[in-house]
Every structure is written in C-alpha cells, then in structure tokens.
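Listed below, chain by chain, are the residues.
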Amino acid sequence: MKTFITRRSALKSAGIAGAAFGLNGLGFLSQLQPLSAAETKLPDGSVQFHPEIEPLVRLLEETPRDRILEEVAGRIKRGTSYREILAALFLAGIRNVQPRPSVGFKFHAVLVVNSAHIASMDSPDEHRWLPIFWAIDHFKSAQGQDQREGNWTMSAVDESRVPSPEKARQGFVEAMEAWDEPQADAAAAGLARAAGSQDVYELLFRYGVRDFRSIGHKAIYVANSWRTLAAIGGEHAEPIVRSLAYALLMRDGQRGDDLPAERPWKRNLELAARFPANWRDGKTDDAATIELLTTIRNQGDQEASQNVASLLERGVGPQSIWDALFLAAGELLVRQPDIAALHAVTSTNAIRFAFDTAADDHSRRMLLLQNAAFLPLFRRASAMQNKDFQIDKLEPVALDKGAGQNNEAAFEELFGTISGNRMQAAGKVMAYLQAQPNAKPFIDAARVLVFRKGDDSHDYKFSSAVLEDYRRVSPQWRNRYLAASVFKLQGTGQADNMVVERTRAALA
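(A) Structural view of helix H2 (residues 54-62). For H2, the buried fraction is high: eight of the nine residues fall into the buried class. Among all positions of H2, only Glu-54, Pro-55, Leu-56, Val-57, Arg-58, Leu-59, Leu-60 and Glu-61 are buried. Buried positions along H2 lie against helix H3 (65-77), strand E4 (79-80), helix H4 (82-96) and helix H6 (129-148).

Below, the structure written as structure tokens:
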C-alpha cells in the first residue's frame, strides 16, 4: 500500500541539502558489501548459464517475492558483488520472461535493468543499491505474470542447427532477413560463440531499427542489452543474443514484403546512399535544427527522412540533426504525455547510443534516418493534448522563491509544481536553468525522487534516458529538452513507493 505525503515532508524525508535532494535515513545501505553464490541444479531442457553465475540466478528465480530482498541483502552482506547481482538479474529475466507478444509489457523487467544500472552508477555510493533492489522486485512481479501466462522459459539451443564459426555470420543474416525464428536462434548462438560482441552488435543495431513495431522497444532492447553486457562481461553474450534475435523477429503475425512497419527501412536504404562521403564533418546550424523539427512536427515519416538527407547534402552536421530529433521527442512528450511519447524519448536515447557505438558507416546512416522516420510515427500514435505547444517557443516562468544555487525553496517549488501543473513546471525549470547553468543539482534531485517514488519500469527507463541525453543536446537547446522532461518526471506530490522501506527492513 502506498503512503501519500505532503510536499514539505517529502522534501524533508528526501533530505534536501544545498542544491540537491539527499537520502537521509538511508544509511542502512552502507551495510552492503560484495559475495559469491552456492551451486544449484538446473532442470533439464532450459538454457544454462556459466556455473559461477547459475546459482545466483536460481536464487532470484526460486525465492518468493516477499522474501527476495532479504535473501539478496544477505548475499551482499556476505560478499556477493554488484556485478554478480546485476548479471544474475539480467539473465534471470532473459530465461524467465518471454519478449512476446510485444517487446515490452512484462519484458520491461529485462529492459529496465540497464536503466537501473545507469541510475546506480550516476548516484552517490551510499544510494547505488536502491535501483537494483527495485529492479529485483520488478523482476519477481514480471516472473509471476509470465508464469500465469504459461510459464515460458528459454530452452537450450538446438546444437544440431548451430552453424560452424565460419558460417555463423552469414547464417544469422540470412535467417534474420527471412524472419526464420528457429534458424535465427541457432545462428545467434553460433555468432555469439564465433564473433566478438562489437561485431555481433553491428548487426543487431541495424535489426533493432528495421521496423516500427513495439513502439521502439526493439531498439531499446538492443542498446540496453549491449550496455548491460559491457557491465557484466562478454561471457554471458550467447543467451542474450539469442533472446535478442527472438525479440527482433516479432512481427505481429504479419507476413509479406510490403508491410507498413517495414516501409521506412526500405525507403531509407536508398536515401542512405545520398549522404556525402564527409557527411559526419558538416557544420552545426540552428536554422537547420528548426527546419527538421518543423518537418517532424507537421509532416510524415518519409518527409522527415528526406529532410535529413537533404540537410546532410547541404553540409549540415549530424549534431544539428540530433538536436532536432531530441527536441522533437521532448516536444511530443509535452503535446501528448502518454506511453507512446515516452517511448519516443527512450527509443531516441537508444538509437543515439547505437549511432555513437556502431563502427559501420552505413549502419550509422540508417540509424539516423530511421530515428527521423520513427518520430512522426510516434506522433500519430495518440491524440494531442497540448497540440499548440512548440518546444522552441517555451518561455521561462519566474520562480516565486528564487532560482539561486543551493536554494532549498527553489527545489520545493519546482518539484511541487511538477505534481500540480506540469506546463508551468516546464517554464519554471527553464527559469531555474537560466539562473543556474549547472543542471546537476536538478538532475540529482530528480533522480532521488525516482528512487523514492518510481513505481513503474518507465519511471527508471525515462529518467535514465532523458537525464543522460541532456548532455548530448547542444548547449543552446538542452535546457528546453530538460524542461520538457517534467511531463514524466516525479514530483513531490506523487506517492512514495515501498521498495526503500522494504530494503531497509531486509537489511535490518
């Protein structure tokens, strides 16, 4: 059961110190120190993980939800490391939660692991376990839902179909192009065994944006899994790549060569060839950013991609294009603050990460074009609420209590207004950031409120994405982008979740 608290008491319980919220009263987290797990046996027929991590995965799988935090806390006290817990949590989700019928819903238990990890790494040491404990509890909820829906479990790979190392890449490409699930599963295992993670993900980055299904979750899964794999170790790649192949081949039961969700990809293959050879060396151009933003705001996916190609041909650099994509996603969030717009933000975060990580030039071209095409498709996904809002016209709204550095009253007003009037809060955030160019105090405070009040995977996914992407947007635009984020950030008037108290009790 949730407990609602006043804005003043919320701020006190969060422990505002200077310009950022603290987490006073959470000193119990300092008890946590790293450990290793005991061995257990896995049922026949299920995919098996490395023996050093399998026992910990089994602990997460088999412990009831009402006891899992206590069990994990005990393991941590005895030495289990953060990395081991993170790996076991991610792998437990992959083995126990089916990424169908959509790469979302209950599968957010897997998608959110990287977001929780980002929140942990960007937090003070004494707070870093809270997002992981939240994600563990969320996994148990998703596992229960999956059990009620048939208790899907990832099976062991059919070794008779796994291609030889020299044929694995071609076999994987052929299977993915043919939407052949059994062969893609076997080829994915072969590819993971034969190639390094960078080579494997060069392919997966492309397939993650091949079609507009699951409102961006395919791209999100590719990016988040790569980032989690980098944190837990490449030795766990095989089951992750198999899971990805299965998720990326979700096609809503459709068959055919001219499906609407796949048309942007086919058109953009031609547009990608138009990019000048030095397309990454173009100049920043604020007018070009507004031009593309206007196209995305008013026209369709085809026009958006064509505008990107035209700007690059005119010598505009990719940063100005990315500025427009981020601003368009932020604007959409204000215009229609619903689940589709939220995923416009989180999928843009994922695609930008893939763009920065991919080594293949053609992959980068397609990622840029597909992101531009996806945003008008997100726009069409639901009705507008604030249809006249334009992010480039957002004006600051003066704070009643000041916007100076280390100003507790300013934070009380900002985060209180988020709970009552998000449009006004966006203007106040603009005013605060103009008076205090360092956004870190605001970002730290926003993240703490997610820890205390986030009760859905999207709270972590969205906040981790938008607070990270603030730094990717050019300085002249980033305050507007961050101001728009208040339409999905937590305010002090939201209810506290129960994970903090459950974690405290688990460690008592």
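(B) Broad picture of the nonpolar core. Core analysis: the biggest nonpolar cluster contains 165 residues, and Phe-172, Tyr-201, Tyr-221 and Phe-442 have the highest contact counts within it. Per-element accounting of this core gives the leading share, 11 residues, to helix H15 (residues 318-335). The residues contacting Phe-442, other than those within four sequence positions of it, are Phe-411, Leu-414, Phe-415, Val-429, Tyr-432, Leu-482, Val-486 and Leu-489.

(C) Main features of the pattern of salt bridges. One pass over the full model with this rule turns up 36 salt bridges. In this structure, Asp-258 engages Arg-263 in a salt bridge whose closest nitrogen and oxygen atoms are separated by 3.2 Å. Given the relative accessible area of 34%, Arg-263 is considered partly exposed. As a salt-bridge pair, Arg-472 and Glu-468 come within 3.5 Å of each other at their nearest N and O atoms. Each member of the pair, Arg-472 together with Glu-468, is buried. Via salt bridges that share partners, Asp-211, Arg-213, Lys-218, Arg-251, Asp-252 and Glu-262 belong to a single interconnected network.

(D) Inspection of the layout of surface pockets at higher detail. One number sums up the size of the second largest pocket: a volume of about 230 Å³. Every element with two or more residues in the lining of the second largest pocket is listed here: helix H7 (165-177), helix H9 (197-208) and helix H12 (263-272). With five residues, H9 is the single largest residue contributor to the lining of the second largest pocket.

(E) Layout of the packing of aromatic side chains. Applying the stated criterion across every chain yields a total of 20 aromatic pairs. On the basis of an interplanar angle of 75° and a centroid distance of 5.0 Å, the ring pair of Phe-107 and Tyr-221 is categorised as edge-to-face. Of this pair, Phe-107 sits in the loop between H4 and helix H5 (108-121) while Tyr-221 sits in helix H10 (residues 217-232), placing them 114 residues apart in sequence. Accessibility expressed as a relative area gives 0% for Phe-107, which makes it buried.

(F) Local environment of the side chain of Arg-213. Inspection of the secondary structure assignment puts Arg-213 in the loop between H9 and H10. Looking at Arg-213, its side chain comes within polar contact range of the side chain of Asp-211, at 2.8 Å. Setting aside residues up to four positions removed in sequence, Arg-213 forms contacts with Trp-179, Lys-218, Met-250, Arg-251, Asp-252, Gln-254, Leu-259, Ala-261 and Glu-262.

(G) Layout of the packing of H2 against H6. Put simply, H2 and H6 touch, their axes get as near as 9 Å, and they point 65° apart. On the side of H2, the interface is formed by Leu-60, Glu-61 and Glu-62, while H6 contributes Ile-136, Phe-139, Lys-140 and Gln-143.

So, how was this worked out
Residues numbered from 1 in each chain as written. Predicted model: local features only at pLDDT ≥ 70, side-chain atom pairs only at ≥ 80, totals over all residues. Heavy atoms only, no water. Buried < 20%, exposed > 50% of the residue type's maximum accessible area, 1.4 Å probe, protein only. Helix = DSSP H or I, 4+ residues; strand = E, 2+ residues; numbered from the N terminus. Contact = heavy atoms within 4.5 Å. Core = buried A, V, L, I, M, F, W, Y, C linked by side-chain atoms within 4.5 Å. Salt bridge = Lys/Arg side-chain N within 4 Å of Asp/Glu carboxyl O. 1 Å grid on protein atoms, 1.4 Å probe; cavity = no way out; pocket = protein on both sides within 12 Å on 5 of 7 lines; lining within 4 Å. Points joined across faces, edges and corners; volume = space filled by probe spheres on them. Phe/Tyr/Trp six-rings, centres within 6.5 Å; stacked < 30°, edge-to-face > 60°. Polar contact = N/O pair within 3.5 Å; in protein donor to acceptor, adjacent residues only side chain to side chain. Axes fitted to C-alpha atoms, helices over the stretch in contact; angles between N-to-C directions.

Taken by themselves, the reported measurements are silent on function.
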